[in-house]
Every structure is written in structure tokens, then in C-alpha cells.
Amino acid sequence: MSEYERGFAAGYRAATSDDVRDITSDRGMAAPAPKAKKTRKVSAYSRRYGVEYKRLKAKHPRMKFGSLSKKAHAATRKALK
């Protein structure tokens, strides 16, 4: 084994020892824990609109989305006054 190979092997053993891993983890090199995503609060308007839209869709299943949403929006504004 050449001197280069002996030096490489010694360096490899030193780099993979447990105490080197402990030092690097103490320096903050470990990845931070991921934060949980916050859920956004649904507004009162959005909730009420969903209720009105579902009610209209049950009554008129073949009506276009645009017509249903227009009616649901009007009903929601009346309900929240």
C-alpha cells in the first residue's frame, strides 16, 4: 500500500468516526424540522355561499354554474344582512 493510500484510508476512518458526527450535529448542521402549515380561516360569507350553492344545485342540477352562483351570491348577501 502506498503512502497516499495509507493517508487516504486514515482520513476516511477519521471522517466516519462517531465523534466527528457528534461535533457536526452540535454545530447546527442538521436540517431543521418542517413547520406545520397553518390552515386559513374560512370567512362567514364563503361558508354561507357554499350552503346556498349546494341547496340550489340540489334543486336545479342541470342549471349552469354561472346562473347558480349568481343566485347563491344574492341569497348569501340577503342572509348576511
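The coordinates are above.
Here is a short report on the structure shown in this document.

Procedures and definitions
- Residues numbered from 1 in each chain as written.
- Predicted model: local features only at pLDDT ≥ 70, side-chain atom pairs only at ≥ 80, totals over all residues.
- Heavy atoms only, no water.
- Helix = DSSP H or I, 4+ residues; strand = E, 2+ residues; numbered from the N terminus.
- Buried < 20%, exposed > 50% of the residue type's maximum accessible area, 1.4 Å probe, protein only.
- Areas by Shrake-Rupley, 256 points an atom, 1.4 Å probe, with all protein chains shown as cover.
- Phe/Tyr/Trp six-rings, centres within 6.5 Å; stacked < 30°, edge-to-face > 60°.
- Contact = heavy atoms within 4.5 Å.
- Expected span 1.5 Å × (residues − 1).
- Salt bridge = Lys/Arg side-chain N within 4 Å of Asp/Glu carboxyl O.
- Axes fitted to C-alpha atoms, helices over the stretch in contact; angles between N-to-C directions.
- Parallel < 35°, antiparallel > 145°, perpendicular 65-115°, else oblique.
- Left-handed = near helix turned anticlockwise from the far one by under 90°.
- Nonpolar A, V, L, I, M, F, W, Y, C, P; charged D, E, K, R; others polar.

## Details of the overall build of the protein
- Across its full length, the protein carries four helices and zero strands.
- Its helices and strands taken in sequence order, the protein reads α-α-α-α from the N to the C terminus.
- For the protein, with 81 residues in total, the buried portion stands at 9%.
- If you sum the accessible surface of the protein, you get close to 7,600 Å²; carbon and sulfur atoms cover 58% of it.

## Considering the packing of aromatic side chains
- Counted according to the given criterion, the structure contains three aromatic pairs.
- A centroid spacing of 6.3 Å and a plane angle of 25° characterise the contact between Y49 and Y53, whose relative ring orientation is stacked. Highlighted residues: Y49 and Y53, both in helix α3 (residues 44-59), separated by four residues, approximately one helical turn.
- An aromatic cluster is defined as three or more aromatic residues linked by ring pairs; in this entry it consists of Y45, Y49, Y53 and F65.

## So, the side chain of T76
- Relative to the elements of secondary structure, T76 occurs in helix α4 (residues 65-79).
- The residues contacting T76, other than those within four sequence positions of it, are Y45, R48, Y49 and E52.

## Considering α4
- The first and last C-alpha atoms of α4 sit 20 Å apart over 15 residues, in line with the 21 Å expected at 1.5 Å per residue.
- Of the surrounding secondary structure, the elements contacted by the buried residues of α4 are α3.

## Focus: the pattern of salt bridges
- Under the counting rule described, the total for this entry stands at two salt bridges.
- Its salt-bridge partner being R48, residue E52 comes within 2.8 Å of it at the nearest N-O pair. Of this pair, E52 and R48 are both found in helix α3, four residues apart, which corresponds to roughly one turn of the helix.
- A residue is classified by how much of its surface remains accessible, and E52, at 5% relative accessible area, is buried.
- Connected through shared salt-bridge partners, R48, E52 and R55 make up one network.

## Things to note about the environment of K54
- Structurally, K54 can be placed in helix α3.
- Under the relative-accessibility criterion, K54 is labelled exposed at 64%.
- K54 sits 18 residues away from A72 along the chain, and the two C-alpha atoms are 8.8 Å apart.

## Notes on the packing of α3 against α4
- In the contact formed by α3 and α4, the axes pass within 8 Å of each other and the chain directions differ by 130°. Of the possible angle classes, the one that applies to α3 and α4 is oblique. Considering only the axes of α3 and α4, their crossing is right-handed. Facing Y45, R48, Y49, E52, Y53, R55, L56 and K57 of α3, the residues of α4 in contact are F65, L68, S69, K71, A72, H73, A75, T76 and A79.
- Within the contact of α3 with α4, the residues separate by chemical class into nine nonpolar, three polar and five charged.

Any functional reading would require information that these geometric values do not contain.
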